[in-house]
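Fold and contact review
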Amino acid sequence: MRIARFSIDGNVAFGAVEGEGPDGLVLDIIKGIPFADFELSGTKVPLAPGSKDRVRLLPPVLPSKVVAFGRNYAEHAAELGNEVPDAPFAFFKPSTSVIGPGDPIAYPSFSQDLHHEAELAVVIGRMCREVPRERVKDVILGYTCANDVTARDVQKREKQWARAKGFDSSCPLGPWVETDLDPSDLAIQCTVNGEQRQLGRTSQMIHSIEELIVNASEAMTLLPGDVVLTGTPAGVGPLNVGDEVAVTIQGIGTLTNKVIKRG
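Remember, predicted model here, so these are calculated numbers, not experimental data.

Some points on helix α4 (residues 209-219)
Taken as a whole, α4 has its buried residues at Ile 209, Leu 212, Ile 213, Val 214, Ala 216 and Ser 217. Packed against the buried residues of α4 are β6 (66-70), β11 (118-124), β12 (140-147) and β17 (227-229).

Written out as structure tokens, the structure is:
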């Protein structure tokens with residue numbers, strides 16, 4: 001099931017995405033929230049562009065935290081001159097960094113070298129702590145597309161990555177959460193203005209999704225809606241004001257955002 005979070009005439013709801021698009025998509029509004037038992041209402045609104053219903057996709061979840069893992073693809077670590085870590089290498093992106101599909105990425109005023117990083121995002125479905133490897137699937141709601149937008153010059157200059165990867169609008173997520181998916185070998189692609197920049201597969205991860213969830217939950221409680229970013233394949237590169245960047249993951253869909261000058 002594809003679960004989207006959306007607004008219609010100022011009201012926010014979750015819905016199951018049905019049909020194929022872009023012109024054939026509709027949302028069946030969910031009674032309740034997707035982190036507990038829910039029912040489909042049968043009330044459907046079209047998601048197609050130009051529909052008379054004013055529907056806008058929002059970030060599919062509002063995480064209390066985004067736990068991100070770096071250098072989880074060997075070729076990406078090598079392209080930046082980094083060694084592959086022996087154990088998962090985690091950092092945080094704050095909740096205020098999250099934006100949704102179609103929302104603008106605001107180029108930070110303190111950077112001159114903004115980069116895209118296409119990633120598979122794992123959405124946590126239940127509160128959990130110290131999750132054993134064999135139970136990881138039980139705590140996952142589903143998967144979505146992410147862009148770990150990074151101020152690369154700031155990342156290189158500052159020992160901590162908080163500003164480089166945590167600024168407002170640095171974590172686009174969407175377009176929805178896919179709950180029925182095998183994430184072990186999915187194609188991940190990033191394009192900028194229609195030109196392919198990144199192309200990899202989740203099977204190239206050094207540390208598996210199970211390892212990442214175990215690692216994170218050893219240290220902290222994960223809450224429903226929290227997001228775990230699993231790393232980016234090789235091919236990261238610059239973004240400029242006016243660029244349109246799109247992350248496409250097999251079996252999920254495409255997340256598109258435009259870069260604007262920070263006002």
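Things to note about the packing of aromatic side chains
Counting across every chain of the model gives four aromatic pairs. Seen from their ring centres, Phe 91 and Trp 161 are 5.2 Å apart, and the 65° between their planes marks the pair as edge-to-face. With Phe 91 in strand β7 (residues 89-93) and Trp 161 in the loop between α2 (152-157) and α3 (162-166), this pair connects stretches of sequence that are 70 residues apart. In textbook terms, an aromatic cluster arises when at least three aromatic residues are bridged by ring pairs, as seen for Phe 89, Phe 91 and Trp 161. Just above the ring of Phe 89 sits the side chain of Arg 71; from NZ or CZ to the centre is 5.2 Å.

Observations regarding the environment of Asp 185
As for its placement among the helices and strands, Asp 185 is situated in the loop between β14 (171-178) and β15 (187-192). Classification of Asp 185 by relative accessible area gives partly exposed; the value is 36%. Engagement of the side chain of Asp 185 in a polar contact is seen with the side chain of Arg 201, the distance being 2.8 Å. One polar contact links Asp 185 to Ser 203, side chain to side chain, over a distance of 2.7 Å.

Things to note about the sheet that holds strand β18 (residues 237-239)
Taken together, the three strands give an open sheet; going across it, the order is β13-β10-β18, and neighbouring strands pair in antiparallel fashion. The open sheet is flanked by β13 (150-151) and β18, the only strands paired with a single partner. Relative to β18, strand β10 (residues 114-116) runs antiparallel, the two being bridged by three bridges. Each bridged residue has a counterpart across the sheet, and for Leu 114 the counterpart in β18 is Leu 239.

Things to note about the pattern of salt bridges
Within this structure, the stated rule accounts for 13 salt bridges. One salt bridge in this structure joins Arg 2 and Glu 20, with 3.9 Å as the shortest N-O distance. On the criterion of sequence distance, the pair formed by Arg 2 in strand β1 (residues 2-8) and Glu 20 in the loop between β2 (11-18) and β3 (26-31) is long-range, its members being 18 residues apart. Judged by relative accessible area, which is 62%, Glu 20 ranks as exposed. Here Asp 148 and Lys 93 are joined by a salt bridge, their closest N and O atoms 2.6 Å apart. Taken together, the positions of Asp 148 in the loop between β12 and β13 and Lys 93 in strand β7 put the pair 55 residues apart, joining distant regions of the chain. Taken as a pair, Asp 148 and Lys 93 share a single burial class, namely buried.

Things to note about the state of the cysteines
Evaluation of the coordinates by the stated rule reveals zero disulfides. Considering cysteine sulfurs only, Cys 145 is the nearest to Cys 190, which forms no disulfide, with 11 Å between them. You can call Cys 190 buried: its relative accessible area is 0%.

As for the pairing of strand β19 (residues 244-249)
Two elements, β15 and β19, share five bridges in a ladder whose sense is antiparallel. Among the inter-strand pairings, Ile 188 is bridged to a residue of β19, identified as Ile 249. Summarising the sheet, β19 and strand β20 (residues 253-261) pair through six bridges and their orientation is antiparallel. Directly across from Ala 246, in β20, lies its bridge partner Thr 256. Connecting the antiparallel pair β19 and β20 is a turn made up of three residues, with Gly 251 showing a positive phi of about 85°.

Quick word on the sheet that holds β19
Strands sit in the order β9-β20-β19-β15-β16 across an open sheet of five strands; the sheet is mixed. With one partner strand each, in any of the chains shown, β9 (105-107) and β16 (195-201) form the two edges of the open sheet. Between one strand axis and the next, the sheet turns through 20° on average, direction left out of account. Where β15 and β16 come together, six bridges link them in antiparallel fashion. By the bridge assignment, Ile 188 is partnered in β16 with Gly 200.

Cut-offs used in this document
- Residues numbered from 1 in each chain as written.
- Predicted model: local features only at pLDDT ≥ 70, side-chain atom pairs only at ≥ 80, totals over all residues.
- Heavy atoms only, no water.
- Buried < 20%, exposed > 50% of the residue type's maximum accessible area, 1.4 Å probe, protein only.
- Helix = DSSP H or I, 4+ residues; strand = E, 2+ residues; numbered from the N terminus.
- Contact = heavy atoms within 4.5 Å.
- Phe/Tyr/Trp six-rings, centres within 6.5 Å; stacked < 30°, edge-to-face > 60°.
- Lys NZ or Arg CZ within 6 Å of the ring centre and 35° of its normal.
- Polar contact = N/O pair within 3.5 Å; in protein donor to acceptor, adjacent residues only side chain to side chain.
- Pairing = 2+ DSSP bridges.
- Salt bridge = Lys/Arg side-chain N within 4 Å of Asp/Glu carboxyl O.
- Disulfide = S-S within 2.5 Å.
- Axes fitted to C-alpha atoms, helices over the stretch in contact; angles between N-to-C directions.

Geometry only, nothing functional implied.
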